[in-house]
Amino acid sequence: MASKIIYFGHITSYGESGFNSSGAVPAVELAVEHVNNNASILAGYKLVSTPVMDSECDRIKSLDAFFSSVVYATSRYNVIALLGCGCGVATEPVAEISHRWNITQVSYASGSSSLSNRAQFKNYFRTWPSFKDIAPGLVSILKHYNWTRVSFLTQKENLFTSNLSQYLELYNQRQKNEKYSDTVVQAFAYDAIWALALALNKTEEQMKSNTSIPDCQGLNGYINITLDQFQYSNAKMSCYLKANLQATNFTGVTGAVQFDSNGTRVNHKLSILQYRIEGIPLDGTPLNVTSTSNFAMSITYFVLASTGIILVLVCGAFNIGCRNTKVVRLTSPNLNYFILIGALLLYSGMYSNIVLTTAGSVRTVQCHPIHDWHLIILVLTLSGVQMFLLFLGSVVPVLQPNLHLIQNAENPVLIEDSQYGLTAHYYISACFQKDTPSYYWLILLMTYTAFLQCLGMILAFQTRKVKVSALNDSKYVAAIIYISSITLLTLLFTHFGFYNYVNISHGVLNGVIFINTTAYLGLIFCPKMISLYKDPNGSKVFRKSFSGVQDLSDKEGEIAMSTAKNIMKSLQMKEPPDTDGAS
């Protein structure tokens, strides 16, 4: 035998005006399917929804949908109940008049506390809890995290503004009362269908057994009929359905489903979930600020960089003006230009806190027939490898550093004491992130720099026994390597350990640049300036060194004399007197 059909109307909001409850439609369809497939509920009946109507969260549109799908559709069907109508604004006008057609209304998306009024909304029920019930949970959260500044976005409708006043009143009361509860809100549409189905099933049983309900006596209508024979004039059947909905008590997917005397969902537990990106939101309006170096420190960097550039110019003038003197010519003046250019770039980088990589300089001596162009090729080769690594990091997309913001650990948060409660989050710009190709490229670049440092140590060690004092820079190079090793290790530790401390990282970076570069220039050029001041003509360049040849072994003496002759020949100088005649 074919099942008797029970129709119910369904009005929701599809989000055209911002509020969207249409996502409940599939849940309603699923609940209807489960009810119809359950032989223990509404046996012999089939629950069917009329076409879903859109209230657009608008009072007028909602009333129009109600009359179109319910009142004016009597030639096709009579709906025994109504599911809807989406948001509270659309639900209120329909809930106010639905009882005039003896239609019981169940809502799953309206939370306004104004709807908890049985005298005004006679046949209205809702599985969605009242905003008034949610307010205690919100207040508890605010008190738990000591939040004192809250903003509310609401429509300018009494339906919602009344909730705000209730919330503020409750918050003030809670300043002294710490007791509160939580609730979980989900799948209310599914439970709304089951609440309606269970009430209809109970009504069918009562009508079959001719059970009397005192509150329904004397009303128009009959109960000795079936549910599918409901007419809008049958106030008695509507009263039975309302009474059974009022007595609803079952465990749904949203928890225990019960209604109070106003038809509002009774909440036994309230959980309020908050979406967070990271951490606990602060008490106030967040304001992100990108930090830069301290102003006083920036002025210090500027002064140090300017001083360094003046030093480069002084050393450059000395190298150009005195390049033909014995002291300067003996130590490859052409290579000095590489040192000066590199120092100029490094000092200039301090203006913007950027380290500019430049060609390294190789300090050696001309004890053997090694000419400047040999050394220049060596310098260009070593520098070329480093420039190639930099080039790869600039053109290969996967190796390119990506600018991103990280929290400034020196001053992560500042709460401004103002009426708006602005909370400033301070960030710094960073180029490298851990475990990325660009990060490993940076490690490779630093590894190559460490290799150059080791190469300098080897060259300094190999030239330490040169007996001509004007040629032997090994002790100065050793001092440079010692200083640079310590400072570079400090820089490495700071870069990886304190990268999110903007002033510390910039201070160490610029300090390393200034100390290394200034030490390099000072130890390379200052001894020559002093030597030239004491011996302008260079007459003592060799004399002092070779006066001690008698103390050398025969083999060492021969090597020293041969070295001096080769150098003098390359410089087209007069040979020094024979050591045999030296006193």
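Procedures and definitions
- Residue positions are given per chain, counting from 1 as you read along its sequence in written order.
- Residues qualify for local features only when their pLDDT is at least 70, as the model is predicted, and side-chain atom pairs are given and counted only at 80 or more; totals for whole chains, interfaces and linings, by contrast, use all residues.
- Excluded from the side-chain calculation are hydrogens and water; included are all heavy atoms of the structure.
- A residue's pLDDT is the predictor's confidence in that residue, given on a scale from 0 to 100.
- Segments assigned H or I by DSSP are reported as helices when at least four residues long, segments assigned E as strands when at least two residues long, and all are numbered from the N terminus.
- It only takes one pair of heavy atoms within 4.5 Å for two residues to be counted as in contact.
- Disulfide: a pair of cysteine sulfur atoms within 2.5 Å of each other.
- Each residue's exposure class comes from its accessible area (1.4 Å probe, protein chains only) as a fraction of the maximum for that residue type: buried when under 20%, exposed when over 50%, partly exposed otherwise.
- Here, a strand pair is defined by DSSP locating no fewer than two bridges between the strands.
- Here is how to tell: hold the view so the strands point away, follow the path from the first strand over the helix to the second, and if it runs clockwise the crossover is right-handed.
- Any carboxyl oxygen of Asp or Glu that lies within 4 Å of a side-chain nitrogen of Lys or Arg is treated as forming a salt bridge with it.
- Note on terminology: a nonpolar core comprises buried Ala, Val, Leu, Ile, Met, Phe, Trp, Tyr and Cys residues joined through side-chain atoms within 4.5 Å.

K.L.:
Is there a simple way to think about the confidence of the model for the chain in this case?
P.N.:
Atom-level detail of predicted coordinates should not be read off regions where pLDDT is low. On average, residues of the chain score 76 in pLDDT, and 68% of them reach the 70 mark or higher. Within the chain, the lowest mean pLDDT, 44, falls on helix α15 (residues 543–546), and the highest, 96, falls on strand β5 (residues 104–107). Contacts from residues 173–184, a stretch scored under 50 in pLDDT, to residues over four places away or in other chains number 24 contacts. A low-confidence stretch, residues 544–557 stays under pLDDT 50, and its non-local contacts, those more than four residues away or across chains, total 13 contacts.

K.L.:
So what exactly am I meant to see when it comes to the state of the cysteines here?
P.N.:
A disulfide bridge is the covalent bond that connects two cysteines by way of their sulfur atoms. Counting across every chain of the model gives two disulfides. Put simply, C57 and C87 are joined by a disulfide, and their sulfur atoms are 2.0 Å apart. Residues C57 and C87 share a disulfide whose torsion about the S-S bond is about 115 degrees; that sign makes it right-handed. Residue C57 is found in the loop between β3 (53–54) and α2 (59–69), and its partner C87 is found in the loop between β4 (79–83) and α3 (88–97); the two are separated by 30 residues along the sequence. There is no split in this pair, since C57 and C87 are both buried. The disulfide bridge from C216 ends at C239, spanning 2.0 Å between sulfur atoms. Its S-S torsion of about -85 degrees marks the bond between C216 and C239 as left-handed, since a negative value means left-handed. One end of the pair, C216, is in the loop between α6 (188–208) and α7 (235–246); the other, C239, is in helix α7, with 23 residues separating them in the sequence. For the residue pair C216 and C239, the accessibility class agrees, reading buried in each case. Taken N- to C-terminal, the disulfide-bonded cysteines of the chain are connected 1-2, 3-4.

K.L.:
Before we go on, may I ask you to explain the pairing of β4 in this structure?
P.N.:
The side chains of a regular strand alternate between the sheet's two faces. When you tally the buried positions in β4, you get five out of five residues, the bulk of the element. Bridging between strand β1 (residues 4–12) and β4 involves four bridges; their strand directions are parallel. Each residue of the ladder has a partner; that of H10, found in β4, is L83. As judged from the three bridges shared by β4 and β5, these two strands associate in the parallel manner. Paired with A81 across the bridge in β5 is T104. You can see the chain leave β4, run along α3 and come back into β5, and the turn it takes is right-handed.

K.L.:
What exactly am I supposed to notice about the pattern of salt bridges here?
P.N.:
Between side chains of opposite charge, a pair can form when the charged atoms approach closely. As enumerated under the stated definition, the model contains three salt bridges in all. Of the charged contacts in the structure, one is a salt bridge between R59 and E92, with a shortest N-O distance of 3.5 Å. Taken together, the residues span a long stretch of sequence, with R59 in helix α2 and E92 in helix α3 at a distance of 33 residues. When its relative accessible area of 33% is taken as the criterion, R59 is described as partly exposed. For E204, the salt bridge goes to K208, with nearest N and O atoms at 3.7 Å. Pair noted here: E204 and K208 are both in helix α6, with a separation of four residues, about one helical turn.

K.L.:
Before we go on, may I ask you to explain unusual backbone geometry in this structure?
P.N.:
Following G84, the chain continues to C85 via a peptide bond in cis, the omega torsion being 20 degrees. Even without being glycine, L42 reaches a positive phi, approximately 50 degrees. Residue L42 is classed as buried on the basis of its relative accessible area of 4%. We note that A187 has phi near 50 degrees; this positive angle belongs to a residue other than glycine. Topologically, A187 is positioned in the loop between α5 (158–174) and α6.

K.L.:
Where do I start with the nonpolar core in this structure?
P.N.:
Proteins that are soluble and globular tend to have nonpolar side chains buried together. In this structure, L42, I80, I193, L200 and L227 are the most contacted members of the largest nonpolar core, which totals 60 residues. For this core, the secondary-structure elements that each account for two or more residues are β1, α1 (25–36), β2 (45–49), α2, β4, α3, α6 and α7.

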